[in-house]
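If you want the building blocks of each chain, they are given just below.
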Amino acid sequence: NQRKMVKLCGIGAGYVGGPTMAVIALKCPSIEVAVVDISQSRISAWNSDKLPIYEPGLENVVKQCRGKNLIFSTDVERHVQEADIIFVSVNTPTKARGLGAGKAADLTYWESAARMIADVCTSDKIVVEKSTVPVRTAEAIEQILAHKSKGIKYQILSNPEFLSEGTAVQDLLEPDRVLIGGNEGPEGQEAIKKLKDIYAHWVSEDKIITTNIWSAELSKLADNAFLAQRISSINAMSALCEATGAQVSQVSLALSKNPKIGPRFLNASVGFGGSCFQKDILNLVYICECNGLVEVANYWKQVIKVNDYQKSRFVQRVVSSMFNTVSGKKIAVLGFAFKKDTSDTRKTPAIDVCKGLLGDDACLSIYDPRVSADQIKKDLSMNNVQWDHPIHLQPLSSSSSNGLEHVDIAEDAYEATKDAHGICILTEWDEFKGIDFQRVFDDMQKPAFVFDGRNILDVGKLREIGFIVYSIGSPVEQWLNNSVNSAVPF
Ligand code: UDX
Ligand code: UDX
Ligand code: ADP
């Protein structure tokens with residue numbers, strides 16, 4: 001038991017597992033960290049110059065540790081067997097079929113990881129839940145492990161990750177908190193202490209919260225549900241602002257000064273996306289329903305309903321402004337990722353908006369600085385359930401043109417907007433603020449429309465150039481009065 005080096009193994013080299021394990025390796029040079037995944041292509045990418053995910057600062061962290069105390073491997077079993085502590089960050093999408101379909105978390109990947117752990121381990125282990133899981137997953141995992149334990153002792157900890165994409169490295173380097181849930185007995189407390197010691201390399205003790213295991217699991221779901229709820233709340237206000245003449249950005253500013261409310265997560269948008277918010281709320285709803293808490297379930301469901309409403313409201317606004325038809329019209333879509341500074345498109349509102357516009361026979365020209373053409377096409381040709389599951393784990397669809405004849409991927413914003421009738425801003429990429437809109441206007445069909453789904457553009461300037469501008473949560477009359485065409489129907 002006097003081994004010099006503590007060994008960690010992270011199962012799942014995705015958006016959560018990759019950056020998390022890399023930062024642990026950076027901050028704990030005395031600890032060996034192995035990140036393993038069943039996907040050969042993902043592991044190859046982690047070992048290459050082009051990492052499989054884009055995160056500011058990540059390349060730098062990986063380069064400093066890779067080959068020293070950080071390795072990426074597909075030899076899952078060996079590294080699991082050798083590790084003292086196993087972090088599990090496999091994906092937990094929403095169940096596609098069967099009991100709880102469309103709501104409950106699909107624990108297939110988790111369960112297969114747990115069974116593999118049970119099969120290969122020959123010494124006591126601490127197993128850490130990193131990926132978000134429904135409350136009481138640890139109990140299920142414990143059962144799987146205990147069933148085959150061969151006398152080996154497992155301690156399960158819940159240590160949910162609170163990083164945001166786009167700022168993952170920063171969030172990991174300076175976390176606002178580290179939450180560790182474990183069993184209340186002495187062995188559980190000892191396991192908590194071991195994990196705490198790892199974080200203590202760079203996180204001050206007062207930021208490390210320890211709880212029982214269920215509280216930790218539920219806190220993660222609650223955290224995402226609260227954040228999503230704030231966005232749906234401000235988005236609901238944005239609809240009211242448009243109808244009444246208030247300005248949502250002014251309302252946000254006023255709210256932000258109330259310390260009981262706080263300044264963050266008050267940007268009205270075309271809707272929230274990302275792999276977490278919807279999935280975790282659906283999960284919460286499912287758990288409430290299973291416990292007979294119908295009122296509570298309905299309360300949280302409404303957060304998703306408002307988000308869906310916001311996306312379809314945006315599509316309706318585009319279509320109705322453009323004289324009730326976008327059929328055959330070129331529309332430029334700027335931004336496809338679910339937020340800026342990431343290449344991730346999981347649950348991005350752009351998918352629903354694009355599908356809505358395609359449903360009205362628009363011709364789309366899509367530009368995103370980070371998302372590949374292949375990814376965009378896959379996202380738009382997949383049904384909603386497939387799209388929740390990782391691309392590399394599913395068969396590629398055989399027909400390449402699943403209604404995508406009207407989708408064109410552009411190299412830059414100028415190509416996307418050339419000859420277009422309208423522009424939809426769907427991601428708040430900084431580079432969109434620097435676009436030469438006079439040049440864009442000159443190359444567009446007239447009247448030229450801009451629909452700013454992220455409120456990042458200078459509406460006044462655009463109107464001066466001659467655009468008809470709609471931005472989320474701005475009173476509609478205002479632009480109607482200023483616009484060149486006062487007969488736009490609403
Ligand atoms: C509220 C607003 O806070 C204030 O900004 C506004 O100007 C007037 O309305 P008030 O009604 O005086 O102020 O009290 P507040 O402290 O907000 O509490 C309102 C109710 O919420 C109380 O019944 C309180 O017990 C309850 N509450 C408050 C909770 O149940 N939980 C909490 O965490 C906070
Ligand atoms: C979220 C949580 O913030 C993080 O704590 C958790 O660990 C994982 O889920 P992430 O999904 O990476 O992180 O991004 P986040 O910044 O929360 O944005 C989620 C979505 O909400 C994006 O589509 C974003 O554009 C949208 N959003 C965010 C708004 O529309 N308005 C806002 O004010 C903030
Ligand atoms: P997240 O955003 O939660 O990190 P990702 O889909 O980006 O989700 O990453 C999850 C990773 O877990 C994927 O790369 C997937 O290949 C991997 N994975 C899933 N099941 C297993 C398993 N049983 N063993 C090893 N890796 C797995």
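About the criteria used
- Residues numbered from 1 in each chain as written.
- Chains lettered and ligands numbered in written order.
- Predicted model: local features only at pLDDT ≥ 70, side-chain atom pairs only at ≥ 80, totals over all residues.
- Core = buried A, V, L, I, M, F, W, Y, C linked by C-beta atoms within 7 Å.
- Buried ≥ 20, exposed ≤ 12 C-beta atoms within 10 Å, placed from the backbone.
- Contact = placed C-beta atoms within 7 Å.
- Helix = DSSP H or I, 4+ residues; strand = E, 2+ residues; numbered from the N terminus.
- Pairing = 2+ DSSP bridges.
- Right-handed = clockwise from strand over helix to strand, strands pointing away.
- Near = placed C-beta within 6 Å.
- Nonpolar A, V, L, I, M, F, W, Y, C, P; charged D, E, K, R; others polar.
- Domains from an automatic or database assignment.
- Axes fitted to C-alpha atoms, helices over the stretch in contact; angles between N-to-C directions.
- Parallel < 35°, antiparallel > 145°, perpendicular 65-115°, else oblique.
- Left-handed = near helix turned anticlockwise from the far one by under 90°.
- pLDDT = per-residue confidence, 0-100.

### Focus on the nonpolar core
By size, the foremost hydrophobic cluster in this structure holds 75 residues, and its most contacted members are Val333, Leu334, Ile366 and Cys424. In contact with Leu334, not counting residues within four places along its chain, are Tyr367, Ala413, Ala416, Ile423, Cys424, Ile425, Leu426 and Phe432. Of all hydrophobic cores here, the second largest spans 60 residues; its members include Val36, Cys65, Val88 and Leu172.

### Quick look at the pairing of strand β10 (residues 363-367)
Burial analysis of β10 places 4 of its 5 residues in the buried class, which makes it a mostly covered element. Note: strand β9 (residues 330-334) against β10, 5 bridges, orientation parallel. Residue pairing for β10: Leu334 is matched across the bridge by Tyr367. At this point the chain moves from β9, through helix α13 (residues 349-359), to the parallel β10, and the crossover so formed is right-handed.

### With respect to the site of ligand 2
Neighbouring residues of ligand 2: 19 residues in total, closest Glu165, Asn267, Ser269, Phe272 and Gly274. No other element matches helix α9 (residues 213-244), which puts 3 residues into the shell around ligand 2. Broken down by class, the residue content of the shell around ligand 2 amounts to 10 nonpolar, 6 polar and 3 charged. Domain assignment of the residues forming the shell around ligand 2 places at least three in each of domain 1 (6-203) and domain 2 (226-482).

### With respect to the domain arrangement of the protein chain
According to the domain assignment, the protein chain contains domain 1 (6-203) and domain 2 (226-482). Computed from C-alpha coordinates alone, the two centres of domain 1 and domain 2 are separated by 32 Å. In this complex, domain 1 contributes 20 residues to the contact, which on the side of domain 2 involves 21 residues. A breakdown of the residues in the side of domain 1 that touches domain 2 according to their chemical character gives 10 nonpolar, 7 polar and 3 charged.

### Considering the sheet that holds strand β13 (residues 449-452)
Ordered by their spatial adjacency, 6 strands build an open sheet running β11-β10-β9-β12-β13-β14, and the pairing between neighbours is parallel. Two strands lie at the open edges of the sheet, namely β11 (407-409) and β14 (468-471), each paired on one side alone. Averaged over neighbouring strand pairs, the angle between their axes works out to 20° when direction is ignored. Two strands pair when backbone bridges link them, and strand β12 (residues 422-425) and β13 are joined in this way by 4 bridges, in the parallel orientation. Within β13, the position partnered with Cys424 by the bridge is Phe451. The sheet strands contacting helix α12 (residues 294-321) are β12, β13 and β14, and the helix crosses β13 at an angle near 170°.

### Focus: the environment of Val178
Among the secondary structure elements, Val178 is positioned in strand β7 (residues 178-182). What makes Val178 buried here is the crowd of 21 C-beta atoms within 10 Å. Through-space distance from the C-alpha of Val178 to that of Asp206 is 9.5 Å; in sequence the pair is 28 residues apart. Apart from the residues within four sequence positions on either side, Val178 is in contact with Tyr199, Val203, Lys207 and Ile208.

### Concerning the packing of α9 against helix α10 (residues 248-256)
α10 packs onto α9 with a crossing angle of 135° between their chain directions and a minimal axis gap of 9 Å. When the axes of α9 and α10 are compared, the pair comes out oblique. Where α9 crosses over α10, the handedness of that crossing is right-handed. Counted together, Ile234, Met237, Ser238 and Cys241 of α9 and Val248, Val251 and Ser252 of α10 form the full contact between these two elements. Across the contact of α9 with α10, the residue classes break down as 5 nonpolar, 2 polar and no charged.

### Points about the site of ligand 3
Among the 22 residues in the neighbourhood of ligand 3, the closest are listed as Gly12, Gly14, Tyr15, Val16 and Tyr109. In terms of residue count, the dominant contributor to the shell around ligand 3 is helix α5 (residues 108-120) (3 residues). Here the shell around ligand 3 gathers at least three residues from each of two domains, domain 1 (6-203) and domain 2 (226-482).

### Points about helix α1 (residues 17-27)
Extensive coverage of α1 is indicated by the burial of 10 of its 11 residues. Of the residues making up α1, those classed as buried are Gly17, Gly18, Pro19, Thr20, Met21, Ala22, Val23, Ile24, Ala25 and Leu26.

### Overview of the environment of Ile465
Mapped onto the elements, Ile465 comes out in helix α17 (residues 459-465). Spatially, the C-alpha atoms of Ile465 and Ala13 are 47 Å apart, while their sequence positions differ by 452 residues. Those residues in contact with Ile465 that sit more than four places away from it in its chain are Phe437, Gln438 and Phe441.

### A short note on unusual backbone geometry
Going from Lys446 to Pro447, the amide bond is cis rather than trans, its omega being -5°. Examined against the element boundaries, Pro447 turns out to sit in the loop between α16 (437-442) and β13. Phi angles above zero are rare outside glycine, and Phe265 is one such case at about 60°. Mapped onto the secondary structure, Phe265 falls in the loop between α10 and α11 (277-290). A count of 17 C-beta atoms within 10 Å places Phe265 in the partly exposed class. Phi is positive for Asn455, which is not a glycine, with a value near 55°. Mapping Asn455 onto the fold places it in the loop between β13 and α17.

### Looking at the packing of α5 against helix α6 (residues 137-147)
Interhelical geometry of α5 versus α6 gives an angle of 35° and a closest axis separation of 9 Å. Every pair of crossing elements has a handedness; the one defined by α5 and α6 is right-handed. Contacts from Trp110, Glu111, Ala114, Arg115, Ile117 and Ala118 of α5 reach α6 at Thr137, Ile141, Ile144 and Leu145. Grouping the constituent residues of the contact of α5 with α6 by class yields 7 nonpolar, 1 polar and 2 charged.

### Here's the deal with the confidence of the model for the protein chain
Residues with a pLDDT of 70 or more make up 92% of the protein chain, whose mean pLDDT is 91. In this model, residues 390-401 is a region of pLDDT below 50 whose contacts with residues beyond four sequence positions or in other chains number 9 contacts. This model gives residues 482-490 a pLDDT under 50, and the stretch forms 15 contacts once residues within four places in sequence are excluded. Interface confidence for the predicted complex, expressed as ipTM, amounts to 0.95; the pTM equals 0.92.

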